[in-house]
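Per-entry structural report
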Amino acid sequence: MKKVIIWSVVALLSFTLTGCGKCKHEYDDGVITRESTCTEEGEKTFTCSLCGEIKNESVVKKDHVYKEEVAKEPTFDEEGEKTFTCENCGDSYAEPIPVRDDEVVVTVTNKSNLPKDINAGRFSDRIEVTFDVMNNSDKVIKGVQGNLSVCDLFDEEILKISCDFTGNSIPAGNSITVNDLGIDVNEFMDSHIKFYNTDFSDLKFEYEVTNIVYDDGSSTNEESSTESIDSAKVTVNVTGKQNVEINYNAGIYSPRAEFSFEVYNNTSKDIKGVQGVLTIKDLFGVDIMSSNLDFTGQTIGANGSAVFSGLGIDINQFMDNHVKVYNTDFSDLQFEYKVNAIVYSDGTTE
Ligand SMILES: [Zn+2]
Ligand SMILES: [Zn+2]
């Protein structure tokens, strides 16, 4: 029995070594004989454990090891550039960095609820929100126009309101705190109630900037700038605004916003009266209100000008646009006067 097994092993071995005159190579796991780099393939060598035959296989290139570097910071007008350079072989490529759009970053830092208090003149609940308004630009900002979205914890929008920051200039590279903005809660609107009743920590705020007006008069939304009509026969400049408070003794039963005007007569005839419409706009060029306004009572000399003051509107405190005119600083208002008719001293009209 023993003999048979031995013979079998010998027969098997000799068959393996000589079968068809070839070795059925049994290669080992191989060793790296040349490391690959990021530019060249490497080499791995396998050796047959039976006959010593060797074979080579290539090893794939290594990945480049890119180091990222900002070659040029983006500005608010121009793209920047990022370069990626391989630390090992120097291979490099570039990617653009988008134009900056974070000239103004608005963060909501607090919400406070002011319950209705008739004695304090608050006829409905009110929500006031505290903002941090950051100016990342290198210019002083005079006003920011945009929309505030208020969302719940699940990112579901509760309400979206337009929300402008004016009245305080924001220094370049600095931020200001604004805490006098808010909404009067309309108890018939679910969104208002939800905003009022939700804790600040359970709210998410997102502010989208739509226009920025800089101290130098430029703005990011050029469409809002109003063109001046130089060739007009009459041009009207508003030179100042004065708020007049209620004074029953003086017969002033509502607040008034009064304006001073300089009216230029660009014709060669004396003007006795000008009839027209004054439109008052906010810093962003959005109409607040329009009202008829005539200049009479004094002659405006040919190619001369005359000053008119004390003209204005009685403020109806229930009208938002009136209140806005009253509360907005003169420097944050824009005016447009449209002439409808001119009466000359010689009796002719236009
Ligand atoms: Zn072999
Ligand atoms: Zn490389």
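Residues numbered from 1 in each chain as written. Chains lettered and ligands numbered in written order. Predicted model: local features only at pLDDT ≥ 70, side-chain atom pairs only at ≥ 80, totals over all residues. Heavy atoms only, no water.

1. Quick look at the sheet that holds strand E17 (residues 305-314)
For clarity, the threshold we go by: In this analysis, strands are considered paired if DSSP registers two or more bridges between them. Put simply, DSSP H or I for four residues or longer makes a helix, DSSP E for two residues or longer makes a strand, and each gets a number counted from the N terminus. Axis definition: a line fitted to C-alpha atoms, over the contacting stretch in the case of helices. Angles run 0 to 180 degrees between N-to-C directions. We call two residues in contact whenever any of their non-hydrogen atoms come within 4.5 Å of each other.
Here three strands make up an open sheet; going across it, the order is E13-E14-E17 and the pairing antiparallel. If you trace the sheet from one side to the other, it starts and ends with strand E13 (234-244) and E17, each paired once. Recorded for the sheet is a direction-independent mean angle of 25° between the axes of neighbouring strands. As judged from the ten bridges shared by E13 and strand E14 (residues 256-265), these two strands associate in the antiparallel manner. Each residue of the ladder has a partner; that of Val238, found in E14, is Phe261. Helix H3 (residues 320-327) contacts E13, E14 and E17 of the sheet and is inclined by roughly 85° relative to E13.

2. Description of H3
Basically, it comes down to this: Accessible area is worked out with a 1.4 Å probe on protein chains only. A residue is then buried under 20% of its type maximum, exposed over 50%, and partly exposed in between. The directions from the helix axis to the C-beta atoms form the arc being described.
Within the sequence span of H3, burial applies to His322, Val325 and Tyr326. Down the axis of H3, the buried set is contained in an arc of 100°. They therefore lie on one face. For H3, exposure combined with an orientation more than 90 degrees from the buried face picks out Asp320 and Asn327. Summarising the contacts, the buried residues of H3 are in contact with E13, E14, strand E15 (271-282), strand E16 (287-295), E17 and strand E18 (333-344).

3. Notes on the sheet that holds strand E12 (residues 203-214)
Pairing in this open sheet of three strands is antiparallel, and the strands run E10-E9-E12 from one edge to the other. The open sheet is flanked by strand E10 (157-162) and E12, the only strands paired with a single partner. If you compare each strand with its neighbour and ignore which way they point, the axes differ by 20° on average. Against the sheet, helix H2 (residues 190-197) makes contact with strand E9 (141-152), E10 and E12, and its axis sits at roughly 100° relative to E10, the strand it touches most.

Function cannot be inferred from these measures alone, as they are strictly geometric.
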